[in-house]
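Summary of the model geometry
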Amino acid sequence: IIEGPIAAPDRASVYQAVIDNETEDGQVEDMRLVIVGDTLPLVYVKRRPVATRFLNRNSTVAVRDVAECLSPAEVALVLRAVRALGLDYNNTVFNN
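Residues numbered from 1 in each chain as written. Predicted model: local features only at pLDDT ≥ 70, side-chain atom pairs only at ≥ 80, totals over all residues. Heavy atoms only, no water.

Okay, the pattern of salt bridges next. What the rule picks out here adds up to five salt bridges. A salt bridge links R47 to E29, with the nearest nitrogen and oxygen atoms 3.1 Å apart. Residue R47 is located in strand β2 (residues 39-49), and its partner E29 is located in strand β1 (residues 27-36); the two are separated by 18 residues in the primary sequence. Among the residues examined, R47 registers a relative accessible area of 18% and is labelled buried. Given the relative accessible area of 15%, E29 is considered buried. Note that D38 and R83 form a salt bridge whose closest N and O atoms lie 3.4 Å from each other. Of this pair, D38 sits in the loop between β1 and β2 while R83 sits in helix α2 (residues 72-85), and the two are 45 residues apart along the sequence. (Salt bridge = Lys/Arg side-chain N within 4 Å of Asp/Glu carboxyl O. Helix = DSSP H or I, 4+ residues; strand = E, 2+ residues; numbered from the N terminus. Buried < 20%, exposed > 50% of the residue type's maximum accessible area, 1.4 Å probe, protein only.)

What follows is about the environment of V36. Along the chain, V36 turns up in strand β1. Classification of V36 as partly exposed rests on a relative accessible area of 41%. Taking the C-alpha atoms as reference points, V36 and A81, 45 residues apart in sequence, are found 13 Å from one another.

Keep in mind these values describe shape, not function.
As structure tokens, this is what we get:
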């Protein structure tokens, strides 16, 4: 992880913003939204230690109801983005 701003981007590199999704107990938490048509039927909540944040080795994975994880306004924004992209089915990572 590098901190910006940087003097000049390296054209051979790809940069991505890191979202602070660290929890109080030293884990990082990702929410994976399952989208089918115009619905979000469920959310997978994936947790792992900060030290392994970029690996796909989760400590826990739980299935949650969408209302537990997102507000109605957030659901509306996600569905608007999905429609704009023309997606019928998607599995999207959302970091809170």
